[in-house]
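# Chains, contacts and geometry: an overview
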Amino acid sequence: MAFDVIVIGSGFGGAITSCRLQQKGYRVLVLERGRRWDKTNFPRGPEDAWVWDSDKPEHCNGWLELRTFPHMSVAVGAAVGGGSLIYANISREAPRWRFAKGWPPEITYDELKPHYDTVKAFMNVREVPDNQWTPRMRLMKEGAEKVGLGDRFRKLELAVTFDEAFTYDDLAKGAAASRSSLNAHGAEQGTCVHLGNCDIGCDVHAKNTLDRNYLFVAEKAGAEVRALTIVTNIEPLAGGGYRVSFDRLENGARIAGSETAKLVIVAAGSLGSTELLLRCRDVTGSLPNLSGFLGRDWSSNGDFLTPAFYASRDCSPTVGPTIASAIDLYDGDADATFWIQDGGLPNLTRDYLDRMRADPATGFETKALLESMQWLLRRDDPLKGVMPWFAQGVDAANGVLTLGPRSAVDPRLRLCLDWEIERSKEVIDAIVSMHKRLSYATNGEPLVPPTWTLFKNLITPHPLGGCNMGVDVATGVVDHAGRVFGYPGLYVADGAIVPEALGVNPSRTIGALAERIASLIP
Ligand SMILES: Cc1cc2nc3c(=O)[nH]c(=O)nc-3n(C[C@H](O)[C@H](O)[C@H](O)COP(=O)(O)OP(=O)(O)OC[C@H]3O[C@@H](n4cnc5c(N)ncnc54)[C@H](O)[C@@H]3O)c2cc1C
Ligand code: SF4
């Protein structure tokens, strides 16, 4: 065998398991479909590589994939570092009572707690310093107080490197105010200067992304990470171990290859891992005995966003960490079904101008013009009066992922989602009603998206499940330790194994589960 372990995907599940197993002395290979990114090549202009297209990844391999299904669209990352490159950095434990049902008995809050703490420490998670509250945090606190929930206002824990000395007086300096140094793992990072771009890549590397902690340590310890490599099949070998087949994306072409290893850890995310295993079971037939539960009980994690408009209030959604505070209805309340967060928006126009200004090909006069436009945009942000109220909730986790033909005339198989909204409607309506209360209480005008009011369509960045944990092959695809039922040495370790809606941002729980899975591999 060329490797001891092949890890498929490099998001929270893949980065953490590859790091821990390489540290244990295994020879680890990570296969990741997305590119390597850093602040020099993040997409900014309209012509840049924003989008990943599963139909033609050899030509279109940007870092965000949007999958659309009836009544549900799902946003996922494609990058070395997975969703962490474009996520909003919130790192939050799931409430204790979310483990009361639907999980194997081994998985409890107390069991995960040490792993939650490890992820928090490794990713350097902390709250926004008290001298750096964003305007949206102030609005959130005021809203909470006005609707009688002042005691539930919380600052959120973020995987961001802050500088206590930074103040909003430094805001106009932009990226220049960031201080660069090596983090605890030896990777270079800057400090947060509230540029508001967390969801499109931090221009100063203040986000504690996986490529600057877990993956960085894995590679330093000897793990090999191959970017632009799409895994297409997993096949058991006579005598043990697996052959993993893949397509390497090179110069607009797909070049087939394969590697072998004793252990394989599938960590391609909720949709990616489920689709890969469905193909192995139902198309290539290489893993015919995978559980009949595969694809069932998928959850959108109850995500919902309601923008509200304020005529005379500065909400500045383009300034500061994308999300930084919450009204924590879960805190001590086992009946709560959702919580509220502030949301943010990157200022794409300003960023495009920034990028053009920095381009050596831009002429002197154009640069001077851009300079003044960019200065005006920093002063007079056109989105200033918008507050994106955000939330997650406990939906019914009753989606079913399968493979089906693209259309009546196109028999090529693609991932399909059967999402029945009826049982989750109540929680979304409760979120909408709280968003409206908060908006009116603070003199805002909410605009509930017609995609919900008219069409009952949702969009989520938090897909969960598809290869769910269960107690046996009849109730799940993997056991409590991520081991695939019926296939020794094959694991799933990512958001696909989460069997219930968490109702909060999921990365910390996925990370804790991955830490636990790696700790149980001898
Ligand atoms: C815009 C946005 C904001 C978010 N904000 C937050 C937040 O603030 N806090 C939070 O907790 N969560 C947030 N999330 C969700 C979070 O990013 C995910 O829950 C998390 O990344 C899931 O981890 P994972 O390991 O399951 O999968 P991922 O991080 O998605 O990693 C899977 C990796 O596998 C790769 N892959 C897929 N298929 C293949 C294949 N066939 N071969 C090789 N590689 C493959 C993908 O390219 C990807 O890099 C956000 C997500 C988005 C999109
Ligand atoms: S607010 Fe800006 S500087 Fe801070 S983490 Fe987000 S993108 Fe980076």
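Residues numbered from 1 in each chain as written. Chains lettered and ligands numbered in written order. Predicted model: local features only at pLDDT ≥ 70, side-chain atom pairs only at ≥ 80, totals over all residues.

Packed helices, taken two at a time, are described by the angle between their axes plus the distance between the axes. Orientation of helix H1 (residues 12–23) relative to helix H10 (residues 507–520), taken along the N-to-C sense of each, is 30 degrees, at an axis distance of 8 Å. With respect to H10, the axis of H1 lies roughly parallel. Of the two possible hands of crossing, H1 and H10 adopt the one that is right-handed. Residues Phe 12, Gly 13, Ile 16, Thr 17, Arg 20 and Leu 21 of H1 form the contact with H10, whose own contacting residues are Ser 507, Ile 510, Gly 511, Ala 514, Glu 515, Ile 517 and Ala 518. (Axes fitted to C-alpha atoms, helices over the stretch in contact; angles between N-to-C directions. Helix = DSSP H or I, 4+ residues; strand = E, 2+ residues; numbered from the N terminus. Parallel < 35°, antiparallel > 145°, perpendicular 65-115°, else oblique. Left-handed = near helix turned anticlockwise from the far one by under 90°. Contact = placed C-beta atoms within 7 Å.)

A word on the sheet that holds strand E3 (residues 64–69). Read from one edge to the other, the open sheet built from three strands follows the order E3-E4-E19, with strand pairing classed as mixed. Bordering the open sheet on either side are E3 and strand E19 (458–460), each of which pairs with just one other strand. Between one strand and the next, the sheet's axes are offset by a mean angle of 15 degrees, whatever the strand orientation. The pairing of strand E4 (residues 72–77) with E19 spans three bridges and is classified as parallel. Bridge pairing links Val 74 to Thr 460 in E19. (Pairing = 2+ DSSP bridges.)

Moving on, we come to the site of ligand 1. Contacts to ligand 1 come from 39 residues, most closely from Gly 9, Gly 11, Gly 82, Gly 83 and Gly 272. Put simply, the parts of the chain that give the shell around ligand 1 at least two residues each are H1, E4, strand E9 (229–236), helix H5 (269–282) and H10. Residues belonging to the shell around ligand 1 are distributed by class as follows: 19 nonpolar, 16 polar and four charged. (Near = placed C-beta within 6 Å. Nonpolar A, V, L, I, M, F, W, Y, C, P; charged D, E, K, R; others polar.)

What follows covers the site of ligand 2. Inspection of the region around ligand 2 gives 14 residues, with Cys 192, Leu 195, Asn 197, Cys 198 and Cys 202 positioned closest. Its residues assigned to classes, the shell around ligand 2 shows nine nonpolar, four polar and one charged.

If you walk across this open sheet you meet the six strands as E5-E13-E14-E15-E12-E18, and the pairing is antiparallel. The open sheet terminates on both sides in strands that have one partner only, identified here as strand E5 (153–155) and strand E18 (445–446). Pairing between strand E14 (residues 338–342) and strand E15 (residues 386–393): five bridges, direction antiparallel. Residue Asp 342 lies in a different strand from E15, and its bridge partner there is Trp 389.

This paragraph deals with unusual backbone geometry. Located in the positive-phi region is Asn 301, a residue other than glycine, with phi close to 65 degrees. Among the residues examined, Asn 301 registers 25 C-beta atoms within 10 Å and is labelled buried. Not every positive phi belongs to a glycine, and Ala 397 is a case in point at roughly 45 degrees. With respect to the helices and strands, the residue Ala 397 is situated in the loop between E15 and strand E16 (400–405). Residue class for Ala 397 comes out buried when judged on the 23 C-beta atoms lying within 10 Å of it. (Buried ≥ 20, exposed ≤ 12 C-beta atoms within 10 Å, placed from the backbone.)

The next point concerns H10. Helix length check: H10, at 14 residues, gives a terminal C-alpha distance of 20 Å against a target of 20 Å (1.5 Å per residue), a fit within 8%. Burial of H10 is extensive: 12 of the 14 residues sit out of reach of the surface. Within H10, burial applies to Ser 507, Arg 508, Thr 509, Ile 510, Gly 511, Ala 512, Leu 513, Ala 514, Glu 515, Arg 516, Ile 517 and Ala 518. Elements in contact with the buried residues of H10: H1, helix H2 (109–122) and strand E20 (490–492). (Expected span 1.5 Å × (residues − 1).)

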